[in-house]
Amino acid sequence: MSADLTGLTWREGEPADAAAIVRALDEWWEQRLEHCVRPQLLEHFGDTTLIVERDGELVAFLVGWLSQRFPDAAYVHFMGVRRDHRRLGLGLELYRRFAALARERGRTRLMAETGGFNRRSIAFHTSIGFTIEPGDEVVDGIPVHHDTGGIGGDYVVFSMDLREGSL
Ligand SMILES: CC(C)(COP(=O)(O)OP(=O)(O)OC[C@H]1O[C@@H](n2cnc3c(N)ncnc32)[C@H](O)[C@@H]1OP(=O)(O)O)[C@@H](O)C(=O)NCCC(=O)NCCS
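Every chain's residues receive numbers from 1 upward, in the order its sequence appears when written. Owing to the predicted nature of the model, reporting of local features is limited to residues with pLDDT of at least 70; listing and counting of side-chain atom pairs is limited to 80 or more, with chain, interface and lining totals taken over all residues.

Peer 1: Got a minute to help me understand the overall build of the chain in this structure?
Peer 2: Secondary structure counts use DSSP, requiring at least four H or I residues in a row for a helix and at least two E residues in a row for a strand, with both numbered from the N terminus. Helix and strand counts for the chain stand at 4 helices and 9 strands. Starting at the N terminus and ending at the C terminus, the chain contains elements arranged as β-α-α-β-β-β-α-β-α-β-β-β-β. C-alpha atoms define the radius of gyration in this analysis, and the globule rule sets the expected value at 2.2 Å times the number of residues to the power 0.38. In terms of overall size, the chain behaves like a compact globule, its C-alpha atoms giving a radius of gyration of 15 Å where 167 residues would be expected to give roughly 15 Å. Dimensions along the principal axes, computed over C-alpha positions, put the chain at roughly 45 × 35 × 30 Å. Three exposure classes are used, all based on how many other C-beta atoms lie within 10 Å of a residue's own C-beta (placed from the backbone): buried at 20 or more, exposed at 12 or fewer, and partly exposed between those limits. Every one of the 167 residues in the chain was classed for burial, and the buried ones make up 29%.

Written out as structure tokens, the structure is:
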């Protein structure tokens, strides 16, 4: 492993982080993503976004916010860890910090999702304590929602009850 977790800088998100996050969405995932993180998202939800850097370079991030429609929930839009920093516990640490932030603000539930193709992410989320929500169909043993929102792509939806304390 080429890295460890010492010497990392943790901070909130700013609109100017959008470019590095969009590059990461292109480079860190196995499949090209249609979605984009706009600077406006970070303008309005930067205080619930986590940016992790080494020597000024993005090595991990979590873009999330407090749900407006579901007042008990905090939602994770995208999170990722650069390849050379994986399997060090950084993904788990991102979620621990986001869960702490959500609890501080009175939230009792985390919501997240991942592409049906993304078996690594499904393994990660279930291993850190997320439950997979029922979908429209079970594909290779995984409940999947087809073409959420009609923009293509199948999704797996996760939830976690923060009162049970696994994070
Ligand atoms: C999924 C991802 C965020 C995991 O980050 P990470 O920092 O490597 O994860 P952690 O080191 O905290 O792993 C915690 C546990 O999750 C599980 N896990 C993580 N990666 C796994 C993998 N590739 N296969 C199986 N289990 C995995 C393991 O149980 C791991 O504990 P262990 O290393 O002690 O066995 C990272 O692989 C990634 O950025 N992938 C591309 C982007 C992505 O898919 N994001 C999520 C969807 S938005």
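Peer 1: Is there a simple way to think about the site of the ligand in this case?
Peer 2: Not every one of the 21 residues close to the ligand is listed here, only the nearest: Arg86, Gly91, Leu92, Ala123 and Ser127. Among the secondary structure elements, those contributing two or more residues to the shell around the ligand are β4 (73-81), α3 (90-104) and α4 (119-127). It is α4 that provides the largest number of residues to the shell around the ligand, a total of 5 residues. As a rule, any residue with its backbone-derived C-beta atom within 6 Å of a molecule or strand is reported as near that molecule or strand.

Peer 1: Can you walk me through the nonpolar core in this structure?
Peer 2: Across soluble globular proteins, you tend to see nonpolar side chains buried next to one another. The biggest cluster of nonpolar side chains holds 34 residues, and the ones touching the most others in it are Phe61, Leu62, Leu94, Phe98 and Leu110. Elements with a minimum of two residues in this core: α1 (18-28), α2 (39-45), β2 (49-54), β3 (57-66), β4, α3, β5 (109-115) and β9 (155-161). Once residues lying within four places of it in the same chain are set aside, the contact partners of Leu110 are Ala74, Val76, Ala99, Ala102, Ser159, Met160 and Leu162. Here, a nonpolar core means buried Ala, Val, Leu, Ile, Met, Phe, Trp, Tyr and Cys residues linked by C-beta atoms lying within 7 Å of one another. For the purpose of contact definition, each residue receives a C-beta atom placed from its backbone, and two residues are in contact when these atoms lie within 7 Å.

Peer 1: Quick question: what am I supposed to make of the environment of Asp136 here?
Peer 2: The topology assignment puts Asp136 in the loop between β6 (131-132) and β7 (137-139). For the pair Asp136 and His146, spaced 10 residues apart in the sequence, the C-alpha separation amounts to 6.6 Å. In this structure, Asp136 is in contact with Val144, His145 and His146, ignoring residues within four places of it in sequence.

Peer 1: Explain the pairing of β9 here, please?
Peer 2: Here β9 shows a clear split, with Val156, Phe158 and Met160 buried on one side and none of Tyr155, Val157, Ser159 and Asp161 buried on the other. One ladder, built from 7 bridges, connects β5 with β9; its direction is antiparallel. Residue Ala112 lies in a different strand from β9, and its bridge partner there is Phe158. Two strands pair when backbone bridges link them, and β6 and β9 are joined in this way by 2 bridges, in the antiparallel orientation. Bridge pairing in β9 links Ile132 to Phe158. What makes two strands pair is DSSP finding at least two bridges between them.

Peer 1: Any chance you could explain the sheet that holds strand β1 (residues 9-12) here in plain terms?
Peer 2: Hydrogen bonds between backbone atoms are what pair the strands of a sheet, whose relative direction is either parallel or antiparallel. The strand order β1-β2-β3-β4-β5-β9-β6 describes an open sheet built from 7 strands, whose pairing is mixed. The open sheet has two edge strands, β1 and β6, and neither has a second partner. To obtain each axis, a line is fitted to C-alpha atoms, and for helices this fit is confined to the stretch in contact; angles are then taken between N-to-C directions over 0 to 180 degrees. Sheet contacts for α3: β2, β3, β4 and β5; angle to β4, the most-contacted strand, approximately 160°.

Peer 1: Explanation requested: unusual backbone geometry in the structure shown.
Peer 2: Peptide bonds are, in most cases, trans, and in most cases residues other than glycine have a negative phi. Here the phi dihedral of Asp55 falls at roughly 50°; this positive angle occurs in a residue that is not glycine. For Asp55, the location among the structural elements is in the loop between β2 and β3. Unlike most non-glycine residues, Arg87 shows phi in positive territory, near 60°.

Peer 1: What is the right way to read the environment of Gly135 from this model?
Peer 2: By the secondary structure assignment, Gly135 is in the loop between β6 and β7. When the C-alpha positions of Gly135 and Asp154 are compared, they lie 9.8 Å apart, and in sequence the two are 19 residues distant.

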